[in-house]
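# Overview (structure and organization)
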Amino acid sequence: MPSVPTVTLNNGVVMPQLGFGVFQVPDDETAPAVSEALAAGYRSIDTAALYGNERGVGEAVRASGIAREELFITTKLWNSDQGHDEALAAFDASLDKLGMDYVDLYLIHWPTPARDKYVDTWRAFEKLLAEGRTRAIGVSNFQPAHLDRLAQTSDTVPAVNQIELHPGLQQRELREYDRAHGIATEAWSPLAQGALLKADTVTGIAGRHGVTPAQVVLRWHLQIGNVVIPKSVTPERIRQNIDVFGFELDESELAAIDALDEGMRTGLDPDTFN
Ligand code: NDP
């Protein structure tokens, strides 16, 4: 079994640095994919109410026989459920679908600034944290302005900010903000959904190490300190994506990948998505 490094979040909770994402996996295909991931050694699973597959995640977890405390389960609150009371109800619904009595990390999925509800939502998250129903709370797709706004109204600093982050969109400013405020940066679409796996820089480095382009990109993330949650429904790739601890990129290879940043956003823009 690979030994996955961990990061310690700002409230002391320990999170695996590499986990498994299930965005766009239909509910009935989720349990087999998560079972494959658990067998390969993943212990952190990233789902969301929006993905419609919390039930499949719970099913695979129960079937695995792995003790709940060895796992790290993340889910997210969808935008239409923002607001204090709405968030509390949506959290209950997520736990019910997962078939769990707590999660490890609960995230506000998007700030949706025009709705202007994330401050109220955060109060509900603090309540869930205080009650021990989630071990940590965080945000996703938050820009510095949104994080500043939260900080003005709450002393609870988000444990995690999960953002689009890959060699084509390196988010240096936001990563630096997170680091300076004790927020762990978690990369979504860490492989840019495959978009950069044919880049000469990446394939060249992969050839030198005898690994795949995806493994090079994941290694880059890990070495610069990101938490990563690659998604795959392909058993061979699921195993490959966690088999990234037997080689190391040197400074010149890291620098070559750093040079691939082109502000390439593949997903929605957090400032305008409402
Ligand atoms: P990824 O960057 O993880 O890429 C997934 C794609 O790459 C799939 O098409 C997969 O194909 C393919 N792939 C996976 N591994 C390999 C490999 N070793 N070689 C070649 N191709 C590979 O994209 P996601 O958008 O899924 O992001 C990962 C996770 O991040 C999500 O599942 C979700 O948990 C989270 N996320 C969060 C968002 C947010 O707003 N908070 C937004 C988007 C994602 P296949 O499955 O066919 O093998």
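This report concerns the structure included in the present document. (Residues numbered from 1 in each chain as written. Predicted model: local features only at pLDDT ≥ 70, side-chain atom pairs only at ≥ 80, totals over all residues. Heavy atoms only, no water.)

## Focus on the pattern of salt bridges
- Counted under the stated rule, the structure contains 11 salt bridges.
- Ionic pairing is found between Arg149 and Asp116, a salt bridge with its closest N-O pair at 2.9 Å. Here Asp116 lies in the loop between strand S6 (103-108) and helix H4 (118-130) and Arg149 lies in helix H5 (residues 144-153), a separation of 33 residues in the sequence.
- For Asp116, a relative accessible area of 44% corresponds to the partly exposed category.
- A salt bridge links Glu131 to Lys127, with the nearest nitrogen and oxygen atoms 3.2 Å apart.
- Residues participating in the shared-partner salt-bridge network are Arg68, Asp104 and Arg135. (Salt bridge = Lys/Arg side-chain N within 4 Å of Asp/Glu carboxyl O. Helix = DSSP H or I, 4+ residues; strand = E, 2+ residues; numbered from the N terminus. Buried < 20%, exposed > 50% of the residue type's maximum accessible area, 1.4 Å probe, protein only.)

## Side note on the packing of aromatic side chains
- For the coordinates displayed, the defined rule picks out nine aromatic pairs.
- Ring centres of Tyr106 and Phe125 lie 4.5 Å apart, and the angle between their planes is 15°; on these two criteria the pair is classed as stacked. Separated by 19 residues along the polypeptide, Tyr106 in strand S6 and Phe125 in helix H4 bring together distant segments of the chain.
- Here Phe125 falls in the buried class, since its relative accessible area comes to 0%. (Phe/Tyr/Trp six-rings, centres within 6.5 Å; stacked < 30°, edge-to-face > 60°.)

## So, helix H6 (residues 172-180)
- Along H6, the positions that sit buried rather than exposed are Leu174, Arg175, Tyr177 and Asp178. Projected down its long axis, H6 carries its buried residues within an arc of 160°, all on one side. Residues of H6 that are exposed and point over 90 degrees away from its buried face: Glu173, Arg179 and Ala180.
- Contacts from the buried residues of H6 go to H5, strand S8 (160-164) and strand S9 (184-188).
- Looking one or two residues past H6, Gly182 carries a phi angle of roughly 75°, positive in sign. (Arc of directions from axis to C-beta. Contact = heavy atoms within 4.5 Å.)

## Notes on the packing of helix H3 (residues 84-98) against H4
- The contact between H3 and H4 brings their axes to 7 Å, and the two run at 45°. One element, H3, and the other, H4, form an angle in the oblique class. Crossing of H3 against H4: the hand is right-handed. Residues His84, Ala87, Leu88 and Phe91 of H3 lie in contact with H4, whose contacting residues are Asp120, Thr121, Arg123, Ala124, Phe125, Lys127 and Leu128.
- Looking at the contact of H3 with H4 residue by residue, the class counts come to six nonpolar, two polar and three charged. (Axes fitted to C-alpha atoms, helices over the stretch in contact; angles between N-to-C directions. Parallel < 35°, antiparallel > 145°, perpendicular 65-115°, else oblique. Left-handed = near helix turned anticlockwise from the far one by under 90°. Nonpolar A, V, L, I, M, F, W, Y, C, P; charged D, E, K, R; others polar.)

## Focus on the environment of Ile163
- Residue position: Ile163 is located in strand S8.
- Separated by 24 residues in sequence, Ile163 and Ala187 have C-alpha atoms that sit 5.4 Å apart.
- Among all residues touching Ile163, those that are not within four sequence positions of it are Asn141, Phe142, Gln171, Leu174, Thr185, Glu186, Ala187 and Trp188.

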